[in-house]
Structures are given as structure tokens and as C-alpha cells.
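Descriptive structure summary
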Amino acid sequence: MPRPIVVGLDASPESVAAADWAAREALLRGLPVELVQAWPRLPEGHRHAEADREGRRWGERVLARMEVELRTRHAGAAVTTAQVPGAPAEVLTAAGRRAALLVLGSRGLGALRGFLIGSVAQTVLSRSACPVVLVRAAADLPPAPAAEHPAGAPPREVVLGLDLRRPCDDVLAFAFEEAALRSALLRAVHAWNPPAGFEHGPAPLEPAAAARLLVADEERAEAVLRPWREKHPQVRVVHQTVRGSAGAPLAAAAVQAGLLVVGRRDRESAVGLHIGPVTHAAVHHAACPVAVVPYR
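Below you will find a few notes about this structure.

Thresholds, definitions, all that
- Residues numbered from 1 in each chain as written.
- Predicted model: local features only at pLDDT ≥ 70, side-chain atom pairs only at ≥ 80, totals over all residues.
- Heavy atoms only, no water.
- Axes fitted to C-alpha atoms, helices over the stretch in contact; angles between N-to-C directions.
- Helix = DSSP H or I, 4+ residues; strand = E, 2+ residues; numbered from the N terminus.
- Parallel < 35°, antiparallel > 145°, perpendicular 65-115°, else oblique.
- Left-handed = near helix turned anticlockwise from the far one by under 90°.
- Contact = heavy atoms within 4.5 Å.
- Nonpolar A, V, L, I, M, F, W, Y, C, P; charged D, E, K, R; others polar.
- Buried < 20%, exposed > 50% of the residue type's maximum accessible area, 1.4 Å probe, protein only.
- Right-handed = clockwise from strand over helix to strand, strands pointing away.
- Core = buried A, V, L, I, M, F, W, Y, C linked by side-chain atoms within 4.5 Å.
- Phe/Tyr/Trp six-rings, centres within 6.5 Å; stacked < 30°, edge-to-face > 60°.
- Lys NZ or Arg CZ within 6 Å of the ring centre and 35° of its normal.
- Salt bridge = Lys/Arg side-chain N within 4 Å of Asp/Glu carboxyl O.

A few words now on the packing of helix α3 (residues 88-96) against helix α4 (residues 119-127). Running from N to C, α3 and α4 cross one another at 30 degrees; their axes reach a closest spacing of 9 Å. Relative to α4, the element α3 lies roughly parallel. Here α3 and α4 pass one another in a crossing that is right-handed. Residue-level contacts link Pro88, Ala89, Leu92 and Thr93 of α3 to Val120, Thr123, Val124 and Arg127 of α4. Broken down by class, the residue content of the contact of α3 with α4 amounts to five nonpolar, two polar and one charged.

Okay, structure coming up:
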């Protein structure tokens, strides 16, 4: 059985947008979609048990309606639903162990503050064994001028956050596969930080020497990308170097992108699970869907 694309559905506009994105992705990949709704179970005899049963029946109707809508909008999509007892973060994390992708909604906070990653999504994002894609509701996104995406325009590019310190194969493979599925350009963005004291240290680095270091860094990036270009010769790749932290430039590069791909090291720190500063910036500020790929 092929692994499904699992969507966390709670009837919010963000989760509805996530379900719609997942159905399109499922058609590209030839995979089924599973809409999962977590419902914490109350103990028998609880004074709110009747209200809980009515709530669960309402949730079942939401799932059934979304299933019909997806099958109608995306002909050929294989869609199933499941209402699973348990805490949402636990249910979705468990679903990720058998899924090809987990797709969740993300709520907007405004142009300056970015997007909100709720406690459930944050937990799932930190623990998921499979890639997690965060999708914004259409109402959260700034409208794009019609002239920017005319009919017949090429597909929107896939942007990859390339980490030269840990150029993980899982992240690279996911980004190249997504670009190939969409017949889209892949833009690989990596950050270059000049040596300490480059401009104002006791012995500032000569511009020519700094330029040589930058060229060497770009050559490393090209070396990382080369075998993947050879595996996917149909994917056109553009390599972009930015100075300083990659977080804000990644979000800027993805303004008109169809997907931003970043990595998350699968480990636990002394202060608990976390997703890393660049990935944190990407999921909070990129307007397009963001795929977070775990790696070791």
C-alpha cells in the first residue's frame, strides 16, 4: 500500500487550504490523501459527554463534506477520512510515522509579524518522522497582481534553503523531486558569512581575499548540487548566495515561489525539541507553503 499524504483537518480556513494543497500534491505523486481529525475522548460518565458526542458527530460531517469537495475539485484524487481519539499533537505525530507527508495549516498574524505556528503544529513539526508542509489560508496571503501570474505562465519555482554545514541528502532529494514533479525551476539559496573582523577587526581582510573565500564557498555549494543536477537533468537549477543569516533572504526569495524547502535536524537539545533558527524564520515568515524535511 502506498503511504498517504495525511492532512490535519479541524475545519479552520487554514486546514481547508492544507487539504486542498494536499489533494493537488497527491495527484502529482500518485498517492492517496487521508484527512485526519483528532478528537480527545472524555471518560465515560463525564458531565459533558453528550456535548462531546454531538461535537464528534459534527466533526464527522466536516470530514465527509471535505472529502466530497476534494473529490469534486480534484478529479481522480483518492480521499479517505479518519476521526481518531486522542490529543491532536499525538495523533498527528503518530500518523507521520506511516505517511509520505504531513500537511498542516498555519495562521497569519499580519505583514510585520508573519505567521503563527500553533502549539500542535509546533510539536508535530519538531517530532514528525516525515516531511511536514505548512500551508497558509488564502485570506492570510497578500493578493498577487494578475499580471504576475498570467494564464500559461511557467509553474512557480521551488526554493531550497541549502545548508553547506549539513547538506543532507534527504532535504536535497525532496527539493529536486518537488521541482521535477512541478516542472519548475529550483532556486537553491545558501548563506555566506564573511570571517570575523572582515571589515572592522584589528586586521581587516583584504577585499580580494574575501572575494576568494566567497568564490570557494560558492564552489562548495555547486559541488553539493552537482550530483543532484545529474540525477535530475530535467530540473533547471539557479544557485543564489546571500550574505549573513539565511532566514530573511529565504522568505524574500520565496515571495512568489510555489514551495519553500528547508531542513530540520532530527535531534533533541538540552532544552527540548526545536526546529533551528533558519527553519523557524522560514515557517513564520514565508508566504508560500513551507516543507520542513527531517534529517539526522
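Having seen it, we continue.
Turning our attention to the pairing of strand β1 (residues 5-8). The alternating pattern of β1 places Ile5 and Val7 on one face and Val6 and Gly8 on the opposite face, and all of these are buried. Each parallel crossover has a hand, and for β1 linked through helix α1 (residues 13-29) to strand β2 (residues 33-39) it is right-handed.

Another aspect to go through is the environment of threonine 279. As for its position among the elements, threonine 279 is in helix α8 (residues 277-285). A relative accessible area of 4% means that threonine 279 is categorised as buried. Along the backbone, threonine 279 and alanine 291 are 12 residues apart, and their C-alpha atoms lie at a distance of 9.7 Å. Setting aside chain neighbours within four positions, we find threonine 279 in contact with Val262, Gly263 and Val292.

Attention now moves to the packing of helix α5 (residues 169-182) against helix α6 (residues 207-231). Packing of α5 against α6 brings their axes to within 11 Å, and their N-to-C directions diverge by 45 degrees. As far as their axial angle goes, α6 and α5 are oblique. You can see that α5 and α6 cross each other, and the crossing is right-handed. On the side of α5, the interface is formed by Asp169, Leu172, Ala173 and Phe176, while α6 contributes Val224, Leu225, Trp228 and Arg229. The residue inventory of the contact of α5 with α6, partitioned by class, reads six nonpolar, no polar and two charged.

The next subject is the nonpolar core. Residues Leu35, Val103, Leu186 and Val261 are the most contacted members of the largest nonpolar core, which totals 49 residues. Sorting elements by how many residues they give to this core places α1 first, with seven residues. Once you skip the residues sitting within four places of it in the chain, valine 261 turns out to touch Val158, Val159, Leu160, Gly161, Val171, Phe174, Ala175, Ala291 and Val293. Core analysis: the next-biggest nonpolar cluster, separate from the first, contains 31 residues, Ala99, Leu102, Ala254 and Val262 among them.

What follows concerns the packing of aromatic side chains. The full count for this structure, using the stated rule, is one aromatic pair. Lysine 231 extends its terminal NZ or CZ atom over the ring of tryptophan 228, reaching a point 4.0 Å from the ring centre.

The next thing to look at is the pattern of salt bridges. Here the structure, examined in full by the defined rule, presents 16 salt bridges. Residue glutamate 34 is joined to arginine 98 by a salt bridge in which the shortest nitrogen-to-oxygen separation is 2.9 Å. Within this pair, whereas glutamate 34 is found in strand β2, its partner arginine 98 is found in the loop between α3 and β4 (101-110), the two being separated by 64 residues in sequence. Among the ionic pairs, glutamate 69 bridges to arginine 73, the shortest N-O distance being 3.6 Å. Of this pair, glutamate 69 and arginine 73 both sit in helix α2 (residues 49-73), four residues apart, which is roughly one turn of the helix. By relative accessible area, arginine 73 is classed as partly exposed at 43%. What you see here is one network of salt bridges that share partners, running through Glu25, Arg29, Glu177, Glu178 and Arg182.

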